[in-house]
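Fold and geometry: a report
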Amino acid sequence: IEDKAISDRDAVIGLLDSPAAWRAQIVSRFIVERLARRYVDEGGEADLKGCARLLAAAPGQVETDLLLRGIDKALEGRRLDKAPAELETQLLALRENRPDDLTLLQLAVRLGVADAYEQAVKRAGDTKAPHADRIALIDLLGQTGKPDCVPTLLQALTDAKSDAVRAAVLTALQPFADPRITDEVLLHYPKWPADLKGRAQSLL
């Protein structure tokens, strides 16, 4: 099926034309996630629209989450400039139903969905956000962020309540060439434990 996923896209997607087909064990365990991953890896407009068709056809949240997991794996460490409108529409509908879902927000950022990046920057800088969510979003900004997120990352370095957040920020700042980074890191450096000092030295 994976071999035919691109050359016979319509036929492959047509195999999942009923809820029963989606819930067959071989489909749910082995095919759905890999199919989404294959289309995003390929990355053409028709392939991404294929992902949108699968999301629209998914009969329930379990199947939707399998697709999202496949998309997420394919986009690990990178982002697209712009998703097709069909895929944006599907993600927007999912985010409206699950506004606090971290995976959906991360995917929307990686797929270049209009408002998602700004929302991710805002949540990464929110000291009241769940600890794990904040670290995940800081990591995401390090992989996909633009220079305009540097002030938010530097503020997180200052207001962080744990070394785990500080460590995430020091890693996330590596792609950015901004003189404010050096000033801020050196300001806090004397107070940090050895592990953070090592990360700071690597960053500098």
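Scroll up a little and you will see the structure.
Residues numbered from 1 in each chain as written. Predicted model: local features only at pLDDT ≥ 70, side-chain atom pairs only at ≥ 80, totals over all residues. Heavy atoms only, no water.

Quick notes on the side chain of aspartate 47
Heads up, the condition is: Only DSSP runs of H or I covering at least 4 residues are called helices, and only runs of E covering at least 2 are called strands; the numbering of each starts at the N terminus. Throughout this description, a polar contact denotes any pair of N or O atoms lying within 3.5 Å of each other; where both atoms belong to protein, one of them has to be capable of donating a hydrogen while the other can accept it, and for residues adjacent in sequence the pair is counted only when both atoms sit in side chains. By the convention used here, residues are in contact when the closest approach between their heavy atoms is within 4.5 Å.
By the element assignment, aspartate 47 lies in helix H4 (residues 45-57). Only 2.9 Å separates the side chain of aspartate 47 from the backbone nitrogen of glycine 44, close enough to count as a polar contact. Those residues within four positions of aspartate 47 in sequence are excluded, and the remaining contacts are Ile6, Arg9, Tyr39 and Glu42.

Some points on the side chain of arginine 110
Using the following cut-off: Three exposure classes are used, based on accessible area relative to the maximum for each residue type with a 1.4 Å probe and protein chains only: buried under 20%, partly exposed in between, and exposed over 50%. The convention is simple: Lys and Arg are positive, Asp and Glu are negative, and His and the chain ends are not counted. When a carboxyl oxygen of Asp or Glu is within 4 Å of a side-chain nitrogen of Lys or Arg, the pair counts as a salt bridge.
Residue placement: arginine 110 occurs in helix H7 (residues 102-110). For the buried arginine 110, no salt bridge is present, and the opposite-charge side chain at shortest range is aspartate 72, 4.0 Å distant. Polar side-chain contacts of arginine 110 include one of 2.8 Å to the side chain of glutamine 143.

As for the pattern of salt bridges
A complete count under the given rule lists 18 salt bridges for this structure. In this structure, lysine 73 and glutamate 33 form a salt bridge, with 2.6 Å as the shortest nitrogen-oxygen distance. Pair noted here: lysine 73 is in helix H5 (residues 61-74) and glutamate 33 is in helix H3 (residues 25-42), with a separation of 40 residues, a long-range link. The partner of aspartate 163 in a salt bridge is arginine 166, and the shortest N-O contact between them spans 2.8 Å. You can see aspartate 163 and its partner arginine 166 sitting in helix H11 (residues 163-172), three residues apart, about one turn around the helix. Here the salt bridges do not stand alone but share partners, grouping Glu33, Arg69 and Lys73 into one network.

Section: the packing of H4 against H5
This is how the line gets drawn: All axes here are fitted lines through C-alpha atoms, helices being fitted over the stretch that makes contact, and every angle between N-to-C directions spans 0 to 180 degrees. Orientation labels follow simple angle bins: below 35 degrees gives roughly parallel, above 145 gives roughly antiparallel, 65 to 115 gives roughly perpendicular, and whatever is left gives oblique. The sense of a crossing depends on the near helix, which, turned anticlockwise from the far helix by less than a right angle, makes the crossing left-handed and, turned clockwise, makes it right-handed. Polarity classes work like this: nonpolar for Ala, Val, Leu, Ile, Met, Phe, Trp, Tyr, Cys and Pro, charged for Asp, Glu, Lys and Arg, and polar for all others, with Gly in that last group.
Contact geometry for H4 and H5: axes closest at 9 Å, N-to-C directions at 160 degrees. Classified by the angle their axes make, H4 and H5 are roughly antiparallel. Once H4 is placed against H5, the crossing between them reads as left-handed. Residues Cys51, Leu54 and Leu55 of H4 touch H5, and the partners they reach there are Thr64, Leu67, Leu68 and Ile71. Tallied by class, residues from the contact of H4 with H5 come to six nonpolar, one polar and no charged.

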